[in-house]
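Okay, here's what each chain looks like letter by letter:
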Amino acid sequence: MKSESDLRMSQKTMEKRLNEISFIGCGNVCVGDVLHFPIKSANHFDHGVKKFFLSLYCILKYALLKRYRFTVHGNGNTIFLFSDSYSNRVDHLKSFKKVSSIVENRIDVTAEKKEIAFSDLYTVGICFLWFLQMRTIVKKKSDRIYLIAELYHAFVDDRHIRRMIKKMKLDPLAMVSFCDVHSIDSFITQRMGQRNVRTVTLQHGAVMDTWGVRHFKSDFMLAISDFTIDAAKNAKADKIDKMIPVGLMAYSDHKKDIPKPKGFEIETIGVFLDDERMGMREVNEKMIKTVQQYAIKNKKKILYRPHPFTDVKSYGKLVGDNISGMDQDLGDFLKGIDLGIVHDSTVLLEGFYAWKPMVLFDFKSLLKQYVDQGVEILSFKDAGGLENVICQIQMGKLDHVMKKERKYFCTDGPAYESYRRAFLRVGVK
């Protein structure tokens, strides 16, 4: 069996070789970078015949189903792209619209509807050509057709968006994407750049995987905070001077900062579950049981927040009815808890911004990735460690740490002004 490092190396080699191929119809797009996350997640999906035919179904679906709504504001100088990569994330769309509303002249291109169109059906045949081009690199046919389906999704979305913008007789000078390291955004960003459109990406997610800060394709990144910049420096990224810290998207409409509470009384604990597609089931169960051990002893209430890809029903025996639905606003969930527990989630940053004590469940040395940045962060490994941290928080002994965490991870001051100034700096008006 391959070690984890061998698997990483094989992915790196696969992406490099795919980047060297000029895929038919894709211009000079680095396809290996477009497919980074599909390659990374491929091992967590079914293999064999089921995966092969499911991917064929997806190709046909992508050819026929159009998801984008086009809304023009002002003269439509800048495209704001919220792609089909996130069409099931209502929370992300809400945050994205807060950011886009800062710019007066724009076209909001958002994946939030469904309609059938046959305009791209004839392009399905290109997948067979890609299947041949990829055969010496991805030898397992079920994996190959899965990756081709992901590439085709990006390919037809790019065609559809360009066609609609041309139909509206608009000539945008810039494009802002939600996160250009995901497949659709990466493909479209690269194609837009080849047409001399200025490109900007927002930062989705915390930088635990430094691949994102080394491989973003846009001319600029509006990063969450100085933590992102330092992560890029440690990763020896090439475009550090093109990264501008602006704060969290979810709070980009805030024109005033949130005041710090006078004290913290902790009765209700929020536990945020991780994305199971990335093999986080073991982490989630360990985190739940550890927090429950503390809560039972100290008579505390626990509420659970699932990741959008969490199989909520499978946690029934562990958490009972205390798990929220994804239709509940994250801000409302944060208001209902006194302290948050996370392992690997951007919620850590949102909690800091909302002045909630956020404590890291340190499992499999995840904490080291923060410590390497020179950051002091509240953490625990077992129920006793959690009890110690909570006691210190309630006695006010960790206020200085929380202030430093918030400043470093979230930036100072209201995010609205940070975004507005950043857009002017990169020529988005």
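Use the structure listed above.
Note that this is a predicted model, so its numbers are computed, not measured. (Residues numbered from 1 in each chain as written. Predicted model: local features only at pLDDT ≥ 70, side-chain atom pairs only at ≥ 80, totals over all residues. Heavy atoms only, no water.)

Enquirer: Could you give an account of the sheet that holds strand β12 (residues 379–380), with specific residues and numbers?
Expert: The parallel open sheet is built from five strands, whose spatial order is β9-β8-β10-β11-β12. Whereas interior strands pair on both sides, the edge strands pair on one side only; in this sheet they are β9 (301–305) and β12. Across three bridges, the pairing between strand β10 (residues 339–342) and strand β11 (residues 358–361) is parallel. Paired with Ile341 across the strands is Val359, a residue of β11. (Pairing = 2+ DSSP bridges. Helix = DSSP H or I, 4+ residues; strand = E, 2+ residues; numbered from the N terminus.)

Enquirer: Tell me about the nonpolar core, and please be specific about residues and values.
Expert: Phe23, Leu35, Trp130 and Tyr152 are the most contacted members of the largest nonpolar core, which has 45 residues in total. If you list the elements that add at least two residues to this core, you get α2 (31–34), α4 (49–64), β1 (65–73), β2 (78–82), β3 (106–116), α6 (126–133), α7 (141–167) and α8 (183–194). When residues in this core are grouped by element, the largest group, twelve residues, is from α7. Val200, Met221, Ala235 and Tyr416 belong to the second largest nonpolar core, which has 38 residues in total. (Core = buried A, V, L, I, M, F, W, Y, C linked by side-chain atoms within 4.5 Å. Buried < 20%, exposed > 50% of the residue type's maximum accessible area, 1.4 Å probe, protein only.)

Enquirer: Explain the pattern of salt bridges to me, using residue names and the numbers behind them.
Expert: All told, the structure shown has 24 salt bridges when counted by the stated rule. Of the charged contacts, one joins Asp108 and Arg106 as a salt bridge, the two residues approaching to 3.1 Å between their closest N and O atoms. Residue Arg106 is classed as buried on the basis of its relative accessible area, which comes to 9%. A salt bridge links Arg163 to Asp120; the nearest nitrogen and oxygen atoms lie 3.0 Å apart. Of the two residues, Arg163 is situated in helix α7 and Asp120 in the loop between β3 and α6; the sequence distance between them amounts to 43 residues. (Salt bridge = Lys/Arg side-chain N within 4 Å of Asp/Glu carboxyl O.)

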